[in-house]
Structures are given as structure tokens and as C-alpha cells.
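Here are the chains, one letter per residue:
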Amino acid sequence: MGVCQFFLRGYCRFGERCWNEHPRGAAGRPGPPPAHGTSGRGGGWGASNQRYSNVIQPSSFRSDTWGGSRDHGRGFFGSSDFGSSGGSSRNADFSQNRFSALASSQSVADGSKDEEERLLECVVKDMEIWESSGQWIFSCYSPMKEKPNVSGFSDVSPEELRVEYYDSRANNIVGNYIDAVQTLAVQWKNRLLQLKGLNASTKASLLSAFKATGTQAAPAFGMGGQQTSGFGLSSFPVSSSSTSASNFSFKASSSLISAAPSGSSPAAGSSSAAANPPAFGTASSPSTAQSVGFGSPATPSAASFSFRAASTAGAFGTSGFSGFGSASAGSSASSPAAAFGAFGATVAPSGSPSSGALFGQGGGAAAHPVTSASAAAANASPASDKLFTPKSELSAEEWQQFEAKEFTIGRIPLKPPPVELLNAFDLVSLFRSNMF
Amino acid sequence: MKTMTGSNEFKLNQTPDDGISSVKFSPNTSQFLLVSSWDTTVRLYDVPANTMRLKYQHSGAVLDCAFYDPTHAWSGGLDLQLKMHDLNTDQENLVGAHDAPIRCVEYCPEVNVMVTGSWDQTVKLWDPRTPCNAGTFSQPEKVYTLSVSGDRLIVGTAGRRVLVWDLRNMGYVQQRRESSLKYQTRCIRAFPNKQGYVLSSIEGRVAVEYLDPSPEIQKKKYAFKCHRLKENNIEQIYPVNAISFHNVHNTFATGGSDGFVNIWDPFNKKRLCQFHRYPTSIASLAFSNDGTTLAIASSYMYEMDDIEHPEDGIYIRQVTDAETKPKST
């Protein structure tokens, strides 16, 4: 859990309910900020609104109906997409799209500095929207045309995810699948936060990556030019299409089931030039990895963040995970909540057996920062490498935590949850709700 | 017995038992519809009579299907196998395979070749007469979508790459492009007039692009947002999963995970129409060849407790010129 940026600016709309930290002594203006709803703006999103509307606490955003707004009424569908003109202002000139605006700026001699800034702003804005909009999270990303994809994000299409899920279900290892997805979601989130926050080093690596146009830019984590492919998750060998065993591979960008050229092992497969390096979002900031993994206060938000708040969509899954989110948000049953918390708690322990392979698999230069993170993760997690803890091994307090609707900060168990409290069926069907 | 879901719309009977991956009309009639599903079957429906005429199996979920001609269906999916099925004799033919699930199956009438795209990062061509493999062509990434435009093939892969191939000369890639959109490509469909293609992403956005690489033509391209809903003042963004063109008017329909189907006029840059919201995500769309009928696949999703459970459905809708024809000024 991080420090609440809005609070620091004196502006946090959640006040005491906020899940981020509000350090005392840093408060600015008290009281709720003025409503910055975008009600008057049709389909558009002015830049300023985006900054404050993306903090979503699941419990407060129940969606009941979707009756709502027809976005874009009849008429021009050019609304809100053209550069800085947010809102449904009707741009007469439809040939202008955001890319052409860029093209013209590039021709300006000293425009390069501005362009860089614009690029970075664009990245930050995009990350904010991505975080709050329930958009599919397993997607590559590029802030502007002709810029290479930003490292740390890999494409997994909804069908691929569904295949993984079906396979794991067929082999009765849905738990593995859930963990794998959760880990990936965590990696995504970390990378997103990193890009949103844009500290100096992230900025520098991003800019150098963008400059290297034409070649696939070196990954931003100093992982050498290795074009490693696949999410580290695929430390399990291959073959998800056959109903193989207890291992399933979660291939992401390009390592494939016995993909033709590369042969069977995922590590070897990584040599096929992937467009995007894997989402080793945690690699560059070991501290992030830790806070996510260790059942520290970070965990509840880590667990819930990636799932779109409230489920809007009851009926409509978008990002594949709104189902999960709503489980924790709305459901009164304890099991989904416990299972949910389990995601957070299990990131570390279940991560550890594979983490050696996981991180080690990243290409050669991969990694120093990476291995230290994984080592840290592995060392710190006291729990065994079991997926679930037998009830007998849990203290009364830990059991209570698992049973509770939410974890209490400071008392989050470091061991994985007991299988008794984990209702895989609920999770499975919730997941399915987003597949089509 | 038809379940009417609108004055000009009804739901097909005997729909598959699991999600629908693709729907395609027969090339010369709006009477027959081919449907592939995650329940591992491929089904042929007689649309006006609302009955299922034929069904055949794969050993894994089927991700796409296509007609070679009115009597032959081709399909592929997770079992890696490309099958051709004679719809008259009910005979099956295992034509070939990929090394990873087959994601797309299309037919190119101008060159008379079947095309498949797979997560094994290749596109394969197949001669439908023999039938046999006519070449394997590497793509830079997993193939997510592809579309035939005249004698050209447009391939959309992971990593936002787009490649244009000349089906008569597959020795090299004719154009290497990149998606104009920032996020993962979901679907690409070519304009019937062969001028360009439409590309949709997971980010509620659609781009209209042109094939002619000259700068004057390239300037005309544009993108727009769609399939987004505002909830609690926060815009929720849904992937645009399906696109289908009206062959006559060159207008196109898009379907998203928000459950809506929109029809767009790309020349005047307007939305022509939006249908009622379907029970769940739109997985696939298909206009019939004559443009009179639109098949809408709305696929099953498990709901949370407090919301009802919609079923899979394939909705057949008669569309009018008012809904599909560009408005003349």
C-alpha cells in the first residue's frame, strides 16, 4: 500500500476509507474536493478529470444496472479523441487524429524536448485510464505510433486466457491457474504504477527505449537486449493444449507450445524474437516485489486492485477480472473473500518454487535485480511451497483472518490459505463470466 | 418456433453448449449459417427455418470456421487440426495441422485458397481442391486475427503488428505496419471495396486504415472510441471483439464486450445505428452476403449472484437500409 497521492495534495475523496496511506502532517485542505464528475461532457475525458477519477475502492462502486448512458449518441464519433480537446466538442477537421498532431510536432526543430514530455505525459495518462477503466490488462502498450511497445506489458488475448483456464479445470488445478493469473496481474500493476509514477530512472529508460525506434527497444529493466518471451510464469514446461499434467504453461508473448522453431523448453523458446519482453514488472524494484508478496499491508490492495471495482458488469466482463473483483466487493460469502485474500497471500509462497525458474528464465542479462528480488521473496516467505496450508498448521488467528471478509492490516497471514476456505468453483465461474 | 427478441430479430434454437467463437454466413445465401463453439462443435443452421441442420466435432474448442463454398465448411481450434467437412455428404477430412491452436480460418475467393492463422506464429495456405497445404509463412508474433482483401491478406498479431501479404506472392511481406491503436489488436476486417481495413482493440477503439501507402491516402486514416460505458462517472472500456462489413454499402458493424452492436458509416464518420443491448458480450458478428441479415453471437458468461444469468445466444436480425446505408447529404 502506498502513500495516497491525492491526500498529499489535500484532495483525497475517500478520506478515512482510503486504502492508501494518509501520512499525518502532510494534509492539505481538508474536506472532500469539489465534484469532478464528468457529467457534462458526453463521452469525453478531459485531461484533468482523469487524474482524480481513477482511485476506485471496490466497495463504493457497486453497479446495479447498466441501463445508463448510451455513449456517443448519434452523430460524430470523433468525440474526445483528438489530442487535447476533450469532451464532445465537434472537431470539424476529422482528418486530424491524435497521430497527425504528433507528426507535425516532430518536424519542429526543437520540438524534441516537448515531444518527450508529451510522450511521458501521454504514458502517465494512459496508465491512469488503464487502471480505472476495467480495460483488459494483458495487453501490450505503446503510447504513440511508431514508438515501440513499452516493455513490461505482454499480450495475452482473452481466448488464450480462457484456454489456460479450461486446461487447468480439466486437470483439476484451477488453483495454479488462479495463482498464475494473479501473479501476472500483480506484475502488470507494478509496471503500471511504475509508469504512472515515473521517477527519474523509469523516465530515462523509457525515453531511451523510445529513441531506439526501428529496432525493438531494449527492455527498460536493463535486462540486456534479450528478447525473452513469455511470462516468467511458464516455468512449467509447455504444452497447454494437450491435457498434460499438473504443470501448465502460461505462455504469453511468444513462447508457444512446442512452437516450431524453438523446441520444447520455454527457455529455449525465448529465443524467438518476441516483440515484448516479459512482464518482469517487479524486477527493477525489489522493494515493490516484497511489499506485494509479504502479506504486508500492501496485500489487500494488491489483491483487489487488478479487478475492476464493482463489477459493473455483472453481465459484462471486460478485463477478464471484474468477476474476481466483484467477488470481494459484493459477495457476502466468506469463501470468495478468503480466496481473494488468498491471492495476495499466495503470491509469495506459491511464487517461490517457481520463482527460481521464473526469474532465472529471463534471458541472460536478466538478472541481477531480478534474482535478488526473487531471492528476497523466496527467503522471506516462511510458508512451505504448498499451495494450501492444512488447517492444522494454521494458528487460530490466521484461520480467523482467512475466514474474515477482509484481512486486517498487520495480521495478514503469510501462509497460503487452507483449501477448506477456498471455493475454487466460485472462482472458476467468476472467471468464466468474463470469457466468451 | 421462433423466439422473437425484437420485431425483426429472433434467437436461434439449439445453440451450442458453451461459448460461441465465430459465426459465418454461407457465401451465396443468407439461409445457412456456420457456427463454431467452445463446446468443440461446428454447427450448420438453416436460419429461416430456425433449425440446426448438421453438427460435427473437433477434439477441442473450435475457434474459427469458414465456408470454402456453400457445401464445404473448414474449421480449426485448440486441437490444432484443420478440418474440412462436406456439408452434403457429412464427410470429414483432416486437412492438416498447426503447432499451436488455430485462431483464424478464412477463404480467399480471388486466389482460391484457404488461409489459417495460428498462435504458433504462422499463417498457412491450403489448396481447397485437393485439399492440401500450400505453404507456411512465419509471422512475427502469434496471429490474433486476419482478413482477406481481394488477393491480399491482412494479418493482425500480438504486439500490435499488422502485416499485409500478397497471396499470389508470399515470398515476402508486402507491408509491415503497426496498429494505429495503443493496445492489443482484437479484430481486423477488410473493406469490401478493398481500399483498406478496420482494426479494433481491447481498448474500446476502432481504427479505419487504408492499404495504399501513399501519404495522401494515409492521411485519411482515423480512429474513434466506441463500446465504452460510463459508470459512476468513470468510463469503463470494453474490448471490441467483432467486426463485420456490409458487402454492398461498405458500412460495418462492431460488437463489444459491453453487449452492444453498433453500425458505422466510415465515409461520413457517423454511427448509423445501435441495437438494443444483448444479454452479454458480443463474440462474433456476420452480415449475410446480400447484406439483409446480421447474425449476432452473444456468448455465455457466468453472472454473480445478484444478477440474472444470460444464456448464449445467436440472434438473427433482419437489417434495413436505414440501419446500414450511409446517409447521403
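What you see is a predicted model, and the numbers here were worked out from it, not measured in a lab.

Colleague: When you look at the overall build of chain A in this model, what are you seeing that I'm missing?
Modeller: Tallying secondary structure elements over chain A gives 15 helices and one strand in all. Split into buried and exposed, the 436 residues of chain A put 58% on the buried side. By sequence separation, contacts in chain A at least 24 residues apart represent 67% of the contacts at least 6 residues apart.

Colleague: Whenever I open this one, the overall build of chain B confuses me. Can you help?
Modeller: Counting its regular elements, chain B contains two helices and 31 strands. Here chain B holds 329 residues, and the buried ones make up 71% of them. Across chain B, every contact between residues at least 6 apart in sequence was considered, and the portion connecting residues at least 24 apart equals 43%. Within the structure as shown, chain B displays about 10,400 Å² of accessible surface, and the carbon and sulfur contribution to it stands at 47%.

Colleague: How do you make sense of the UniProt feature "repeat: WD" (unreviewed entry) in chain B when you look at a structure like this?
Modeller: Residues and elements named next belong to chain B. In the numbering used here, UniProt assigns the feature "repeat: WD" (unreviewed entry) to residues 95-127 and 240-265. Between the first and last C-alpha atoms of residues 95-127 the distance is 10 Å; the span itself is 0% helix and 67% strand. Between the end C-alpha atoms of residues 240-265 the distance is 17 Å, and the span holds 0% helix and 62% strand.

Colleague: Quick question: what am I supposed to make of the pairing of strand β23 (residues 228-231) of chain B here?
Modeller: Side chains on a regular strand alternate between the two faces of the sheet. All names here are of chain B. Where β23 meets strand β24 (residues 234-237), four bridges bridge the pair, whose relative direction is antiparallel. What sits directly across from Leu229, in β24, is Gln236. From the end of β23 to the start of β24, which pair antiparallel, there are two residues, and Asn232 there has a positive phi angle of about 55 degrees.

Colleague: Explain the sheet that holds strand β9 (residues 81-86) of chain B here, please?
Modeller: In any sheet, the strands associate via hydrogen bonds between backbone groups, in a parallel or an antiparallel arrangement. Residue and element names in this part refer to chain B. Read across the sheet, four strands follow the order β7-β8-β9-β10 without closing on themselves; strand pairing throughout is antiparallel. On the outer flanks of this sheet lie β7 (62-69) and β10 (91-97), each paired with one strand and no other. Averaged over neighbouring strand pairs, the angle between their axes works out to 25 degrees when direction is ignored. Looking at chain direction, strand β8 (residues 72-77) and β9 are connected through four bridges and run antiparallel.

Colleague: Can you walk me through the pairing of strand β6 (residues 51-57) of chain B in this structure?
Modeller: Residue and element names in this part refer to chain B. One ladder, built from six bridges, connects strand β5 (residues 41-46) with β6; its direction is antiparallel. Considered in β6, the bridge of Asp46 is made with Thr51. Once β5 ends, the chain turns through four residues before running back antiparallel as β6, passing Asn50 with a positive phi of about 55 degrees.

Colleague: It is not clear to me how the packing of aromatic side chains should be interpreted in this structure. Could you clarify?
Modeller: The geometry of an aromatic ring pair is captured by two quantities: the separation of the ring centres and the angle between the planes. Here the structure, examined in full by the defined rule, presents 18 aromatic pairs over all chains. Measuring from ring centre to ring centre gives 5.2 Å for Tyr68(B) and Tyr107(B), while their planes differ by 85 degrees; the resulting arrangement is edge-to-face. Of this pair, Tyr68(B) sits in strand β7 while Tyr107(B) sits in strand β11 (residues 102-108), and the two are 39 residues apart along the sequence. Just as Tyr68(B) is buried, Tyr107(B) falls in that class too. On the numbers, 5.1 Å between centres and 55 degrees between planes, the contact of Tyr278(B) with Tyr315(B) is tilted. In this pair, Tyr278(B) sits in the loop between β28 (270-274) and β29 (282-287) while Tyr315(B) sits in strand β31 (residues 313-318), placing the two residues 37 residues apart along the sequence. Of the two residues examined, Tyr278(B) and Tyr315(B), each falls in the buried class. These aromatic residues form a ring-pair network of at least three members: Trp130(A), Tyr141(A), Phe153(A), Trp188(A) and Tyr183(B). Directly above the aromatic system of Tyr210(B) lies the positively charged group of Lys220(B), at a separation of 4.9 Å from the ring centroid.

So, how was this worked out
- Residues numbered from 1 in each chain as written.
- Chains lettered and ligands numbered in written order.
- Predicted model: local features only at pLDDT ≥ 70, side-chain atom pairs only at ≥ 80, totals over all residues.
- Heavy atoms only, no water.
- Helix = DSSP H or I, 4+ residues; strand = E, 2+ residues; numbered from the N terminus.
- Buried < 20%, exposed > 50% of the residue type's maximum accessible area, 1.4 Å probe, protein only.
- Contact = heavy atoms within 4.5 Å.
- Areas by Shrake-Rupley, 256 points an atom, 1.4 Å probe, with all protein chains shown as cover.
- UniProt positions renumbered as here; feature names shortened; annotations may be inferred.
- Pairing = 2+ DSSP bridges.
- Axes fitted to C-alpha atoms, helices over the stretch in contact; angles between N-to-C directions.
- Phe/Tyr/Trp six-rings, centres within 6.5 Å; stacked < 30°, edge-to-face > 60°.
- Lys NZ or Arg CZ within 6 Å of the ring centre and 35° of its normal.

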